[in-house]
Amino acid sequence: MPVKLLAIVVFCAAVVTAAACSSDEPQTELEVGDVEIRVSSSAFEEGGDIPVKQTCDGTDLSPSLSWSGIPSDTKSIALVVDDPDAPVRTWVHWVLYGLPADAAGLREGVQAGDTLAEGGRQGVTDFGKREYGGPCPPKGGPHRYFFKVYALDRQGTLT
């Protein structure tokens with residue numbers, strides 16, 4: 001039985017000021033049905049710079065995130081952070097799934113590892129690790145980072 005996507009929201013940030021999220025990309029909310037999820041971070045504003053401490057030039061500390069508007073029939077939440085401006089393909093920086101449906105966000109500094117203290121699991125990123133991998137773009141143009149929150153109709157693994 002496939003997992004049904006109940007809703008998704010996308011929050012965009014950048015590493016350099018010139019990298020504002022373009023208007024043709026998904027922004028703060030993307031509605032599925034009549035759902036309106038909002039996501040934000042106390043570490044940076046949408047379209048703003050991601051602080052150095054949350055990049056490979058700092059300590060790769062995961063940012064705090066909060067969300068609201070999760071549909072009432074949600075069984076679990078997933079989060080994917082990616083960089084669509086990576087040279088070869090979209091680069092995945094963080095994968096979380098099986099987060100409790102009543103979770104309202106994540107604290108700063110989520111530890112590496114398979115399972116989370118808050119409930120849920122971390123998937124393997126394109127860095128080959130089960131942890132947040134902060135922005136680390138090669139020299140060149142600005143990169144955008146999308147924080148995608150998914151409301152799902154299943155709890156548990158993605159199998």
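Rules behind the numbers
- Residues numbered from 1 in each chain as written.
- Predicted model: local features only at pLDDT ≥ 70, side-chain atom pairs only at ≥ 80, totals over all residues.
- Heavy atoms only, no water.
- Helix = DSSP H or I, 4+ residues; strand = E, 2+ residues; numbered from the N terminus.
- Buried < 20%, exposed > 50% of the residue type's maximum accessible area, 1.4 Å probe, protein only.
- Contact = heavy atoms within 4.5 Å.
- Areas by Shrake-Rupley, 256 points an atom, 1.4 Å probe, with all protein chains shown as cover.
- Pairing = 2+ DSSP bridges.
- Disulfide = S-S within 2.5 Å.
- Phe/Tyr/Trp six-rings, centres within 6.5 Å; stacked < 30°, edge-to-face > 60°.
- Salt bridge = Lys/Arg side-chain N within 4 Å of Asp/Glu carboxyl O.

Chemist: Looking at this structure, how should I read the overall build of the protein?
Modeler: Helix and strand counts for the protein stand at 0 helices and 8 strands. Expressed as a percentage of the 159 residues in the protein, the buried residues total 42%. Sequence-distant contacts, at least 24 apart, represent 69% of the contacts inside the protein between residues at least 6 apart. Within the structure as shown, the protein displays about 7,900 Å² of accessible surface, and the carbon and sulfur contribution to it stands at 53%.

Chemist: Can you walk me through the sheet that holds strand β6 (residues 105–106) in this structure?
Modeler: Hydrogen bonds along the backbone pair up the strands of a sheet, which may run parallel or antiparallel. In spatial order, the strands read β2-β3-β6; together these 3 strands make up an open sheet with antiparallel pairing. The open sheet has two free edges, formed respectively by β2 (38–40) and β6, since each of these has just one partner strand. Pairing geometry for strand β3 (residues 65–68) and β6, over 2 bridges, is antiparallel. Bridge pairing links S66 to G105 in β6.

Chemist: How should the state of the cysteines be read in this particular structure?
Modeler: Note on terminology: disulfide describes a covalent bond linking the sulfur atoms of two cysteines. Under the defined criterion, the tally for this structure stands at 1 disulfide. Through a disulfide, C56 is tied to C136; the S-S separation comes to 2.1 Å. Judged by the sign of its S-S torsion, about 80°, the cystine formed by C56 and C136 is right-handed. Residue C56 is found in the loop between β2 and β3, and its partner C136 is found in the loop between β7 (121–122) and β8 (144–152); the two are separated by 80 residues along the sequence. Since its relative accessible area comes to 32%, C56 is described here as partly exposed.

Chemist: How do you make sense of the packing of aromatic side chains when you look at a structure like this?
Modeler: Any pair of aromatic rings gets described here by the distance separating the centres and the angle formed by the planes. Under the criterion given, the structure shown has 3 aromatic pairs. Between F44 and F147, the ring centres sit 5.5 Å apart and the planes meet at 45°, which makes this aromatic pair tilted. Taken together, the residues F44 in the loop between β2 and β3 and F147 in strand β8 connect sequence positions 103 residues apart. F44 gets classed as buried once you look at its relative accessible area, which sits at 5%. Taken together, a centroid distance of 5.5 Å and an interplanar angle of 75° make the contact between W91 and F127 edge-to-face.

Chemist: What is the right way to look at the pattern of salt bridges in this model?
Modeler: Oppositely charged side chains can pair when the atoms bearing their charge come close. Counted under the stated rule, the structure contains 8 salt bridges. Between R144 and D85 there is a salt bridge, with its nearest N and O atoms 2.8 Å apart. Pair noted here: R144 is in strand β8 and D85 is in the loop between β4 (76–83) and β5 (91–100), with a separation of 59 residues, a long-range link. A residue is classified by how much of its surface remains accessible, and R144, at 13% relative accessible area, is buried. Among the ionic pairs, R107 bridges to E118, the shortest N-O distance being 2.9 Å. Taken together, the residues R107 in the loop between β6 and β7 and E118 in the loop between β6 and β7 connect sequence positions 11 residues apart. Take R107: its relative accessible area is 39%, and that puts it in the partly exposed class. Each of D114, R121 and R130 takes part in a single network of salt bridges with overlapping partners.

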